[in-house]
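# Coordinate analysis (summary)
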Protein chains: 2
Amino acid sequence: MNGAQALIRTLVGAGVDVCFANPGTSEMHFVAALDDVPEMRGVLTLFEGVATGAADAYARMTGRPAATLLHLGPGLGNGLANLHNARRSRAPVVNVVGDHARSHKRLDAPLESDIDALAGTVSAWVRRSLSPADVGADAADAVAAARDGVATLVLPADVSWSEGAAVAEPVGPRPVPHVPPSVVDDVAAVLRRDEPAVLFVGGEVMASEAGLRAAARIAAGTGTRLLAETFPPRTVRGAGLPDVPRLPYPPEMALASLEGTAHLVLAGAQAPVHFFGYPDLPGTPVPRDCAVHALSRPGEDGVAALEALASAVAPGAAPQVAEAQRPEPPSGPLDPRSLSAVVGALLPEGAIVVDEALTSGVGLAEMTAGAPRHDWLSLTGGSIGDGLPMAAGAAVACPDRPVIGIQADGSAMYTISALWTHAREGLDVTTVVCDNGSYGILEHELSRVGAAQGGERARRLLDLGGPPLDFVQLAAGLGVPASRVETAEHLADQLGRALSESGPHLVQAVLRR
Amino acid sequence: MNGAQALIRTLVGAGVDVCFANPGTSEMHFVAALDDVPEMRGVLTLFEGVATGAADAYARMTGRPAATLLHLGPGLGNGLANLHNARRSRAPVVNVVGDHARSHKRLDAPLESDIDALAGTVSAWVRRSLSPADVGADAADAVAAARDGVATLVLPADVSWSEGAAVAEPVGPRPVPHVPPSVVDDVAAVLRRDEPAVLFVGGEVMASEAGLRAAARIAAGTGTRLLAETFPPRTVRGAGLPDVPRLPYPPEMALASLEGTAHLVLAGAQAPVHFFGYPDLPGTPVPRDCAVHALSRPGEDGVAALEALASAVAPGAAPQVAEAQRPEPPSGPLDPRSLSAVVGALLPEGAIVVDEALTSGVGLAEMTAGAPRHDWLSLTGGSIGDGLPMAAGAAVACPDRPVIGIQADGSAMYTISALWTHAREGLDVTTVVCDNGSYGILEHELSRVGAAQGGERARRLLDLGGPPLDFVQLAAGLGVPASRVETAEHLADQLGRALSESGPHLVQAVLRR
């Protein structure tokens, strides 16, 4: 058995049976070995950032890693932006990066570069397989290490092609650390003081119905305010579930949201900081005199800790949950709010919403809170171009659930070829492109950083209007049927139609300027 | 004056007056400052890899750096693949990467990452501007350092926005090292021995008419064989110039090409190695018993060294040059050879050819050798997705010259949004997409690495046919008029028409399968 075969069989044995791949010459034995191991599904992407973004979403939805297959340093470079997002999601990913044969490394061939340096910036774990005899065990270790985030396995071409490899047994995952009862007791004591407190939830708590219910019971029983991190990796939402407001993105609004808070209790979240630094603003919205208490850190069993805390401080409390309700279908020209209302009116049961709407997403959370149960995936690391790839990964992870991407236009262009993968795999993904013809978030930032008098030349660097991007033609060129709408009625019509048919669709929603 | 203004004014003063930009929030003051310094031309790209590939080609054509403007670590990540190619070109690039404000760095905000580690993998020089007082001098140093390749300047947002900065004077470039006469004498002695010798030229020699003429005189006067590196950054070519054959890419052909060579004399090139390692093949095509002599290393004045050598060993020799001739316009279905013949028949005087044809480019060099004078840009680092961005950079560098991109289909998809920049800037770029519906080079590699029985599942990972990529619609969606051709006559018709009109065009050339 050669190294590639042992690698793939070990991955499959450890439960990793999807590989989002964009291979090159050094990965040809891995590709060939796919024919020997039919349990591994290879999903081709036309750009590495699609593979890595898809692996992030796949992991968020299944809790299990997918593998990637990237080509040397430049391929890893192309995949880095979405691996950065995966790092911020703490998503398990087995990131396989092919490299030159060992004997070829010292020759400084044209594609030679420092793969390990690149991998180190996004990975919780990096290993280079040194021989065919090692590769099975390396793969098993990679799957186990992926519990902590991106595990990068660098795979020399000759380790792939050489015989003498063997399949390794899966390595049991390390147990999730429990939160000590004393920590729960300490936080309970804080919440009993009757001082203004915020329970700040994030990470795996947001993906857990039990976690959200426990948090909402604590809020109901103690008067503690419940707030979520701004961009949780995955949120379970909808009618019957607690609807936890998220900390606003704009720094002034975030500051106002936490003003007067005496105690900030963290459950699965880090203490919040602003996305960017700004002149004359502090770096974090947490008030200077606010005490921060960590009930659970990311990676710990925050759900159990919240349940213990709820039992302690709010034994009889009932959580407040979202009522089943949908917005009235709006009419007339589209703006972010009416677009959100259409989505809220039509969101199907069990949908997975991939939210890279950015400035066009105002109102989206509110308008969908009472929709049937669904999952919500956010842009965790701020590296744009995550939406279309994540939609692919979510659809591969959950083939029986509809995926709806709400996608900003500028961001869509970073990884537009993901649409081809939607079509190739017949994925049930409906993409709504929010077309405002600009980098809307940057127009806002240009004024807010103090550069208020942005003139003609500066504005032109943020304007996508000349020539306008025609997403209907782009989608058609990539095999995805598409339409263009300018009114809420037409959006409802086209979105409804797309949702009623399986397979990929795209709707270019032109927003009123 | 704030840091951004001082930076841009210093760059302009040092001759850097084009910036290929894909900015984000942390770069908003740089964007705003563009209105204060109209001498700096900002060119917007929709993806960072377009900006970096454009800067590479701009530098190859002008010998001067352009600036880039990238957004934090993820933006640099997206730009890395084409910075890798620029590194292999030794192209001067001033790579400006915005970063968080200094006070924000320690907060581990979502977009925080190790920019310096990423930059180190592609840069000849990396510096982080530490204060507004430094940024002018840092920019001047970056321009000087770019003589050696990519110079990355990391620019914290608050260094941009803070007052107290000043413009710095340009730093004179270090002189190009001359080759000592003793080295020329030693090589002359080798060539006089009448043993089988190859003069292996590359780098700046290929971009110099004088360098190529000197090399061809040496060949004519001594019987030394003349051979060029496989992927020179820029080659001056056409009727009346020496047509130097390039070392073949396939390892077996490269080995055959150098078989029996007793002396390999390097001028501007490194000793060749194969692109990849393969089972049972040596890593380099240089015979074991061949002596390698470096006349000039990359970055040294190889042209002067060749002229001195020519005077010494071939004083009266006349160089062999390509005769003015064009292929007969072919007819019938398209294949790589007939496509190349059409290009050779129509190539206009002064054209810049951007060659990312890969497997579809067989015959291209031969069919264009006798065309009117032109420049040829190759994929230097093997990181695909360079063609469309390089075409943009070459057209910005040389607005009065037609640019023709010969572009493989799979590679085009990595940076397809470059077409939008072609349209936005009204660039005179004609892109011929060679549509073979597959990663042709990988199908070849799949069999040649020994994985000969690639089955259905493996083949599917190399096939771009389901759904087929419709480049006419993709181009139209990005504002570039396009057509699709299946015969040589139709290609000639459409290519001729595109070349007769200014502005961008695309022709999807469907190759017979």
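Residues numbered from 1 in each chain as written. Chains lettered and ligands numbered in written order. Predicted model: local features only at pLDDT ≥ 70, side-chain atom pairs only at ≥ 80, totals over all residues.

Moving on, we get to the overall build of chain A. Within chain A, the secondary structure is distributed over 20 helices and 17 strands. Over its C-alpha atoms, taken along the principal directions, chain A stretches across nearly 65 × 60 × 45 Å. Going through the 513 residues of chain A one by one, you find that 64% of them count as buried. Considering only contacts within chain A whose residues lie at least 6 apart along the sequence, 81% involve residues at least 24 apart. (Helix = DSSP H or I, 4+ residues; strand = E, 2+ residues; numbered from the N terminus. Buried ≥ 20, exposed ≤ 12 C-beta atoms within 10 Å, placed from the backbone. Contact = placed C-beta atoms within 7 Å.)

Turning our attention to the pairing of strand β7 (residues 197-201) of chain A. Residues and elements named next belong to chain A. Of all five residues that make up β7, five are buried, and the element is covered over most of its length. What you see with β7 is no split at all: Ala197, Leu199 and Val201 on one side and Val198 and Phe200 on the other are buried throughout. Looking at chain direction, β7 and strand β10 (residues 263-267) are connected through five bridges and run parallel. The residue bridging Val201 from the neighbouring strand is Ala267, located in β10. The pairing of β7 with strand β8 (residues 225-228) spans four bridges and is classified as parallel. Looking at the pairing, Leu199 lines up with Leu226 of β8. Considered for its hand, the β-α-β crossover made up of β7, helix α9 (residues 209-222) and β8 is right-handed. (Pairing = 2+ DSSP bridges. Right-handed = clockwise from strand over helix to strand, strands pointing away.)

A separate point is the environment of Leu76(B). Residues and elements named next belong to chain B. With respect to the secondary-structure elements, Leu76 resides in helix α4 (residues 72-89). Leu76 gets classed as buried once you count the C-beta atoms within 10 Å, which come to 30. In this structure Leu76 touches Leu70, Val97, Ile115, Leu118 and Ala119, once residues within four positions along its chain are discounted.

Relative to chain A, chain B is turned by 180° and slid 0.0 Å along the rotation axis, the superposed coordinates differing by an RMSD of 0.0 Å. Both copies are brought into coincidence by an operation consistent with a two-fold rotation axis. By residue overlap, the copies meet face to face through one surface: 100% of the interface positions of chain B are interface positions in chain A. (Least-squares fit on C-alpha atoms with pLDDT ≥ 70 in both.)

Here we take up the packing of helix α4 (residues 72-89) of chain A against α4(B). Viewed as axis vectors pointing N to C, α4(A) and α4(B) meet at an angle of 170°, and their least axial separation amounts to 8 Å. Classed by the angle they form, the pair α4(A) and α4(B) counts as roughly antiparallel. Considering how the two elements wind past one another, α4(A) and α4(B) form a crossing that is left-handed. Residues Gly73(A), Pro74(A), Gly77(A), Asn78(A), Leu80(A), Ala81(A) and His84(A) of α4(A) form the contact with α4(B), whose participating residues are Gly73(B), Pro74(B), Gly77(B), Asn78(B), Leu80(B), Ala81(B) and His84(B). Looking at the contact of α4(A) with α4(B), its residues break down into six nonpolar, eight polar and no charged. (Axes fitted to C-alpha atoms, helices over the stretch in contact; angles between N-to-C directions. Parallel < 35°, antiparallel > 145°, perpendicular 65-115°, else oblique. Left-handed = near helix turned anticlockwise from the far one by under 90°. Nonpolar A, V, L, I, M, F, W, Y, C, P; charged D, E, K, R; others polar.)

Attention now goes to the nonpolar core. Within the largest apolar cluster, 296 residues are counted, with the highest numbers of intra-cluster contacts made by Leu11(A), Val94(A), Ala394(A), Leu11(B), Val94(B) and Ala394(B). Once residues lying within four places of it in the same chain are set aside, the contact partners of Ala394(A) are Ala57(A), Met61(A), Ile352(A), Val354(A), Leu377(A) and Val403(A). Core analysis: the second largest hydrophobic core is formed by 43 residues, Ala197(B), Val205(B), Ala216(B) and Ala308(B) among them. (Core = buried A, V, L, I, M, F, W, Y, C linked by C-beta atoms within 7 Å.)

Now for unusual backbone geometry. In this model, Gly466(A) is joined to Pro467(A) through a cis peptide bond whose omega is -5°. With respect to the element layout, Pro467(A) can be found in the loop between α18 (456-460) and α19 (471-477). Unusually for a residue other than glycine, Asp194(A) sits at a positive phi of about 65°. Inspection of the secondary structure puts Asp194(A) in the loop between α8 (181-191) and β7. Even without being glycine, Leu358(B) reaches a positive phi, approximately 50°. You can see Leu358(B) is positioned in the loop between β12 (351-356) and α13 (364-368).

Once that is clear, we can look at the interface of chain B and chain A. Taken residue by residue, the interface counts 81 residues in chain B and 81 residues in chain A. With eight residues, the top contributor of residues to the side of chain B that touches chain A is α4(B). The residue inventory of the side of chain B that touches chain A, partitioned by class, reads 42 nonpolar, 31 polar and eight charged.

So, about the domain arrangement of chain A. All names here are of chain A. Domain annotation for chain A reports domain 1 (3-161), domain 2 (181-313) and domain 3 (336-510). A C-alpha centroid distance of 35 Å is found between domain 1 and domain 2. Counting residues at the interface gives five residues for domain 1 and five residues for domain 2. In terms of residue class, the side of domain 1 that touches domain 2 is made up of one nonpolar, one polar and three charged. (Domains from an automatic or database assignment.)

A few words on the confidence of the model for chain A. Here chain A averages 96 in pLDDT, and 99% of its residues register 70 or above. The complex prediction reports pTM at 0.97, with the ipTM value standing at 0.97. (pLDDT = per-residue confidence, 0-100.)

This paragraph deals with the sheet that holds β7(A). Residues and elements named next belong to chain A. Strands sit in the order β8-β7-β10-β11 across an open sheet of four strands; the sheet is parallel. A single partner strand is all that each edge strand has here, and the edge strands are β8 and β11 (291-296). Sheet twist, expressed as the mean angle between neighbouring strand axes with direction ignored, is 25°. Seen against the sheet, helix α11 (residues 302-313) touches β10 and β11 and runs at an angle of roughly 110° to β11.

Looking now at the sheet that holds strand β6 (residues 150-156) of chain B. All names here are of chain B. What the six strands build is an open sheet, ordered β2-β1-β3-β4-β6-β5; its pairing is parallel. Only two strands of the sheet have a single partner each, and these edge strands are β2 (41-44) and β5 (125-128). Shown here is a sheet whose adjacent strand axes are inclined to one another by a mean of 20°, direction ignored. Bridge count between β5 and β6: four bridges; the pairing is parallel.

Another point: the pairing of β6(B). Residue and element names in this part refer to chain B. Of all seven residues in β6, seven are buried; the element is thus mostly enclosed. What you see with β6 is no split at all: Val150, Thr152, Val154 and Pro156 on one side and Ala151, Leu153 and Leu155 on the other are buried throughout. Where strand β4 (residues 93-99) lies against β6, seven bridges are found, and the strand directions are parallel. Counted as the bridge partner of Val94 is Ala151 from β6. Between the parallel pair β5 and β6, the chain is carried across by helix α6 (residues 132-145), and the sense of this crossover is right-handed.

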